[in-house]
Structure formats: C-alpha cells, structure tokens
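The primary structure of each chain is shown beneath.
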Amino acid sequence: MKTYLVTGGAGFIGSNFVLYMLKKYSDITIVNVDLLTYAGNLENLKSVENNENYHFVQADIGDSKAIQAIFDQYDIDYVVNFAAESHVDRSIKDPEIFVKTNVLGTLNLLNIAKEKWLVGDDLYKEGKKYLQVSTDEVYGSLGETGYFTEKTPLDPSSPYSASKTSADLLVKAYWETYKMPINITRCSNNYGPYHFPEKLIPLIIHNCLHHKEIPVYGNGENVRDWLFVEDHCKAIDMVVNQGRLGEVYNVGGHNERTNIEIVKLIIAYLQEHADSGITEDLITFVKDRKGHDLRYAIDPTKITNELGWEPETKFEDGIVRTINWYLENQDWMNHVTSGAYKAYYSKMYGQK
Ligand code: NAD
Ligand code: TYD
C-alpha cells in the first residue's frame with residue numbers, strides 16, 4: 001500500500017495522472033496538493049473526490065509548514081512533483097512566479113522529503129522516491145535534425161525552461177550530494193483531455209468553436225513532438241515503480257508536427273464533424289514568440305530499453321479522442337474560460 005504525494009494534481013497532466021493511477025491501482029493512496037492557481041481545476045477530479053484513498057489539500061508547494069503538515073499526517077512513499085507554472089508565454093511576461101514555484105517550490109519539497117525520509121548518514125527509509133516531472137524544453141532548441149537524449153547538454157531558452165532546468169539541477173544535486181532517492185522524467189509536449197486552453201491544441205479547438213482567430217506565431221513551421229497524456233502518465237508510473245535511482249528518463253513518442261500542420265488538421269476535423277463554418281480563414285499569423293525554440297524531438301530509447309515503455313496511442317487516434325472530448329465537454333471549456341470554476345472553488349473550499 002503505497003502513498004503518493006502528487007503535487008499539481010489538479011492541472012492538466014496531474015489530474016490525468018491521478019485518474020490514471022486510481023483506475024489502475026486499488027491499493028494506493030493519493031494525496032493531491034495543489035494551490036489551485038488559474039491552471040488548477042477540481043472539476044477534473046469530481047469522479048474520484050469521494051474515494052477513501054484520495055485526499056485533496058489546497059496548498060503551495062513552497063509553503064514549508066503546509067507541506068510539513070502533510071508529511072506529518074501521511075507516511076508518504078513517493079512524491080511526484082507536477083506543480084509548476086507551465087506556460088512559456090506567461091514566463092516571458094512575468095518570470096518571477098516561475099522561479100518561486102518551479103525552483104523554490106521544488107527545493108522546499110526536496111528538503112522536507114529528505115528530512116522525513118533520512119534515517120542515517122546518506123541512508124533513507126526503504127522504498128521512498130522523489131520524482132521530478134520535467135520537460136524536454138530544458139535541452140533548448142534542436143535544428144532541423146537530431147534528437148534530445150538524456151546526455152544532451154541543458155540549454156534552456158525561456159524563463160519557463162530556465163526555471164525547470166534549475167529545478168532539475170537541484171534534484172540532481174540532492175542525489176549527488178545527499179544520495180536522496182530521485183528520478184527525473186523529461187517529456188515532450190502532451191495533449192489530451194483537461195488541457196488548459198492557453199496552450200496550442202486546446203486553444204485552436206476553443207477558438208474554432210467560437211469562430212475566433214487562431215494566432216500562429218511566426219511562420220507556423222516550429223516543430224513540437226506530441227505525446228498523448230495517458231502515455232506520459234504510464235511512463236511516470238513505470239519510472240516511479242521501476243526507474244533506477246538517480247536516473248533521468250526522456251519520454252516521447254516520435255511524433256513531430258509543425259504547428260501549422262496541427263492547426264490545419266484540427267480545423268479540417270471540426271469543419272467536417274462539428275461546424276462547416278470553421279475554415280482556414282481563422283488562421284492568423286502573428287508576431288513570433290520571443291526566443292521561440294524551433295524544434296523539440298525526444299529520443300526515448302533509454303526508457304524503452306530499460307523499462308519497456310512504449311507509447312500506445314497513435315497521434316491520429318489521440319487527436320480525434322482529444323477533439324471529441326472537448327466537443328463533449330464544452331461546459332468544462334466554458335467554465336475554465338469564464339472564471340465560473342473560481343466561484344465553484346470559493347464555494348467549495350473558501351471556508352476550509
Ligand atoms: P498545468 O499548468 O496545467 O498545471 C499545473 C498545476 O500546478 C495546476 O493545477 C496549478 O494549480 C498547480 N500549481 C501551480 N503553482 C503551484 C504551487 N505553487 N503549489 C501547488 N500547486 C501549484 O501544467 P501541466 O501542463 O499539467 O504540467 C504539469 C507538469 O508537467 C509541469 O511541471 C510541467 O513543467 C511538466 N510538463 C508539461 C508538459 C506539457 O506538455 N504540458 C510537458 C512536459 C512536462
Ligand atoms: P505551447 O502549447 O505554448 O507549448 P510550448 O511552448 O511549451 O511548446 O506552444 C506550442 C507551439 O505552438 C509553440 O511552438 C508555440 C506555438 N503557439 C502558437 O503558434 N500560437 C499560440 O497561440 C500558442 C499558445 C502557441
């Protein structure tokens with residue numbers, strides 16, 4: 001019976017992970033700690049909120065008293081740290097909160113987990129692990145060819161990726177210095193249900209359904225390597241349970257697409273299946289993002305060879321599942337874009 005402390009479990013990937021794990025295992029407990037920033041949404045977790053083995057705590061990962069209290073109350077075996085400020089464009093406007101949450105928040109989690117788990121000089125309680133959920137963006141940008149391996153030098157471009165890199169270096173330092181049991185996963189761009197509509201794929205869907213212009217940065221030829229979120233969850237589960245201590249694992253499914261290709265594909269699908277008035281006329285090329293990384297592409301050989309991980313969902317299927325999810329959950333989209341969910345939170349959690 002393992003107890004997971006999942007941070008940021010009300011965000012896009014975190015809530016998918018909580019749902020995935022509770023569906024897969026009946027003998028685990030999940031304590032979900034999330035500050036519920038604009039990106040956190042408890043509506044995602046309605047189906048599990050009354051489960052006996054699921055507990056939600058609204059707290060900042062940087063709040064040492066709050067995190068300490070959680071470790072005092074529960075015997076935490078695994079920390080899986082998803083909590084982060086995650087949007088590159090926001091980091092360009094306001095880097096400070098990215099350092100506060102992504103760097104100092106991570107440091108706080110490491111310190112408290114280390115203190116609770118350490119039993120002697122460099123000796124930790126059996127079966128404990130801290131997993132840092134990181135990103136391929138720590139490697140910077142690729143040119144037209146090549147792939148990121150775990151040995152690719154860290155070379156972040158944006159304040160977001162610089163903060164994630166800093167966090168990775170702290171996690172690595174806790175392994176090298178204190179022998180703390182850790183893993184780091186670095187995944188490519190995820191897509192799927194519960195993705196906040198500031199990010200490319202849900203933004204395209206949202207804007208199409210509202211006949212709003214779709215802003216394409218620069219010439220739309222930047223390349224991202226897309227992975228269905230459930231495949232990422234599966235990888236994290238494998239690394240927590242089987243990953244070699246101290247190791248980094250890259251996660252990606254060899255699925256490179258240009259942004260403009262994605263935009264056109266979603267428009268074509270929605271035009272055929274939702275509304276014939278959705279056309280490529282919505283595409284609007286806008287000023288490029290500052291420091292825009294040209295291309296990301298992951299080499300997942302290590303996680304495939306060592307742990308047997310392979311992506312299960314082909315992009316052609318995953319993208320249809322995703323678009324259909326948004327079509328079937330337009331209330332979810334309306335709530336997160338209207339702020340109605342904030343009112344729900346203050347009603348539900350304001351007094352606690
Ligand atoms: P998200 O923005 O959707 O969710 C982040 C969650 O963290 C939200 O629920 C938010 O409320 C919470 N949070 C923010 N600040 C917090 C704080 N100080 N204390 C506690 N909770 C806080 O992000 P996401 O897309 O789900 O990404 C999750 C993690 O995965 C991040 O660490 C991100 O860097 C990493 N990642 C994301 C992608 C991707 O494609 N989305 C790819 C690779 C790695
Ligand atoms: P995004 O979803 O923000 O993820 P990331 O920057 O972390 O990869 O953006 C994905 C790609 O889409 C990136 O190349 C920037 C581009 N993009 C646009 O062209 N228009 C948009 O409105 C957004 C949000 C992103």
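In case you missed it, the structure is sitting above this.
This one's a predicted model, so the numbers in the text were calculated from it and none came from an experiment. (Residues numbered from 1 in each chain as written. Chains lettered and ligands numbered in written order. Predicted model: local features only at pLDDT ≥ 70, side-chain atom pairs only at ≥ 80, totals over all residues. Heavy atoms only, no water.)

Q: Mind showing me how you'd approach the overall build of the chain here?
A: A count of helical and extended segments in the chain gives twelve helices and 15 strands. Computed over its C-alpha atoms, the radius of gyration of the chain comes to 20 Å, within 12% of the 20 Å expected for a compact globule of 352 residues. For the chain, the spread of C-alpha atoms along the principal axes amounts to about 65 × 50 × 35 Å. Relative to its 352 residues, the chain shows a buried fraction of 56%. In the chain, 83% of the contacts between residues at least 6 apart in sequence involve partners at least 24 apart. (Helix = DSSP H or I, 4+ residues; strand = E, 2+ residues; numbered from the N terminus. Rg over C-alpha atoms; globule rule 2.2 N^0.38 Å. Buried < 20%, exposed > 50% of the residue type's maximum accessible area, 1.4 Å probe, protein only. Contact = heavy atoms within 4.5 Å.)

Q: It is not clear to me how the pairing of strand S1 (residues 2-7) should be interpreted in this structure. Could you clarify?
A: Note on strand geometry: in a regular strand, side chains alternate between the two faces of the sheet. S1 sits mainly inside the fold: five of its six residues count as buried. In terms of strand pairing, S1 meets strand S2 (residues 28-34) through six bridges, oriented parallel. Within S2, the residue paired with threonine 3 across the bridge is threonine 29. Once you follow S1 into helix H1 (residues 12-24) and on to S2, the crossover reads as right-handed. (Pairing = 2+ DSSP bridges. Right-handed = clockwise from strand over helix to strand, strands pointing away.)

Q: Would you mind going over the site of ligand 1 with me for this structure?
A: As a structural note, the neighbourhood of ligand 1 is formed by 28 residues, with Ile13, Asp34, Ser86, Tyr160 and Lys164 the closest of them. One of the backbone nitrogen or oxygen atoms of asparagine 190 is found 2.9 Å away from an oxygen atom of ligand 1. In isolation ligand 1 has 840 Å² of accessible area, and contact with the protein removes 96% of it. Ranked by residues supplied to the shell around ligand 1, first place goes to strand S7 (residues 129-135) with three residues. Looking at the shell around ligand 1 residue by residue, the class counts come to 14 nonpolar, eleven polar and three charged. (Near = heavy atom within 4 Å. Polar contact = N/O pair within 3.5 Å; in protein donor to acceptor, adjacent residues only side chain to side chain. Areas by Shrake-Rupley, 256 points an atom, 1.4 Å probe, with all protein chains shown as cover. Nonpolar A, V, L, I, M, F, W, Y, C, P; charged D, E, K, R; others polar.)

Q: I'm lost on the pairing of strand S13 (residues 248-251) in this one. Help?
A: Residues Val248 and Asn250 line one face of S13 and the alternating positions Tyr249 and Val251 line the opposite face, and both faces are buried. Relative to S13, strand S8 (residues 182-187) runs parallel, the two being bridged by four bridges. Each residue of the ladder has a partner; that of cysteine 187, found in S13, is valine 251.

Q: How should the site of ligand 2 be read in this particular structure?
A: Around ligand 2 sit 17 residues in total, of which Glu137, Pro215, Arg224, Arg289 and His292 are the nearest. A distance of 2.9 Å separates an oxygen atom of ligand 2 from a polar atom in the backbone of leucine 200. In this structure, arginine 289 approaches ligand 2 through a side-chain N or O atom, which is 2.5 Å from an oxygen atom. Elements that contribute at least two residues to the shell around ligand 2 include exactly helix H6 (200-209) and strand S10 (214-217). Here the element with the most residues in the shell around ligand 2 is S10; it accounts for three residues.

Q: What exactly am I supposed to notice about the pattern of salt bridges here?
A: Using the criterion set out here, one finds 18 salt bridges in the structure. The shortest N-O distance in the salt bridge between aspartate 72 and lysine 116 comes to 2.4 Å. Remark: lysine 116 occurs in helix H4 (residues 96-117) and aspartate 72 occurs in helix H2 (residues 64-73); sequence separation between them is 44 residues. Accessibility expressed as a relative area gives 25% for lysine 116, which makes it partly exposed. (Salt bridge = Lys/Arg side-chain N within 4 Å of Asp/Glu carboxyl O.)

Q: What am I meant to see in the packing of helix H10 (residues 315-328) against helix H11 (residues 330-338) here?
A: If you want to describe how two helices pack, look at the angle between their axes and the distance between the axes. Taken N-terminus to C-terminus, the directions of H10 and H11 make an angle of 75°; their axes are 4 Å apart at the nearest point. As the angle between them shows, H10 and H11 are arranged roughly perpendicular. Within the contact between the two elements, H10 uses Trp325, Tyr326, Leu327 and Glu328 and H11 uses Gln330, Trp332 and Met333. Here the contact of H10 with H11 is built from residues that sort into five nonpolar, one polar and one charged. (Axes fitted to C-alpha atoms, helices over the stretch in contact; angles between N-to-C directions. Parallel < 35°, antiparallel > 145°, perpendicular 65-115°, else oblique.)

Q: What should I look at first to understand the sheet that holds S8 in this one?
A: Strands belonging to one sheet form pairs held by backbone hydrogen bonds; the direction of such a pair is parallel or antiparallel. The parallel open sheet is built from seven strands, whose spatial order is S3-S2-S1-S4-S7-S8-S13. Of all the strands in the sheet, the pair left with one neighbour each is strand S3 (54-58) and S13. Put simply, the sheet's adjacent strands are angled 20° from each other on average, direction ignored. For S7 and S8, the ladder comprises six bridges, and the chain directions are parallel. Opposite threonine 135, over in S8, you have cysteine 187 as the bridge partner. Against the sheet, H1 makes contact with S1, S2, S3 and strand S4 (78-81), and its axis sits at roughly 170° relative to S2, the strand it touches most. Against the sheet, H4 engages S1, S4 and S7, with an angle of about 165° to S7.

Q: I would appreciate a short explanation of unusual backbone geometry in the present structure.
A: If a residue is not glycine, its phi is most likely negative; likewise, a peptide bond is most likely trans. The phi torsion at aspartate 122 lies on the positive side, around 55°, for a residue other than glycine. Mapped onto the elements of the fold, aspartate 122 is located in the loop between strand S5 (118-120) and strand S6 (123-124). Even without glycine at this site, histidine 254 takes up a positive phi of about 50°. Assignment of secondary structure puts histidine 254 in the loop between S13 and strand S14 (256-258).

Q: Sorry, what's going on with the packing of H4 against helix H5 (residues 159-178) here?
A: At a minimum axis separation of 8 Å, H4 and H5 run at an interaxial angle of 15°. Here H4 lies roughly parallel to H5, going by the angle between them. In the crossing of H4 with H5, the sense of the turn from one axis to the other is right-handed. On H5, the residues touching Phe98, Val99, Asn102, Val103, Thr106, Leu107, Leu110, Asn111 and Lys114 of H4 are Tyr160, Ser163, Lys164, Ser166, Ala167, Leu170, Val171, Tyr174 and Tyr178. Here the contact of H4 with H5 is built from residues that sort into eleven nonpolar, five polar and two charged. (Left-handed = near helix turned anticlockwise from the far one by under 90°.)

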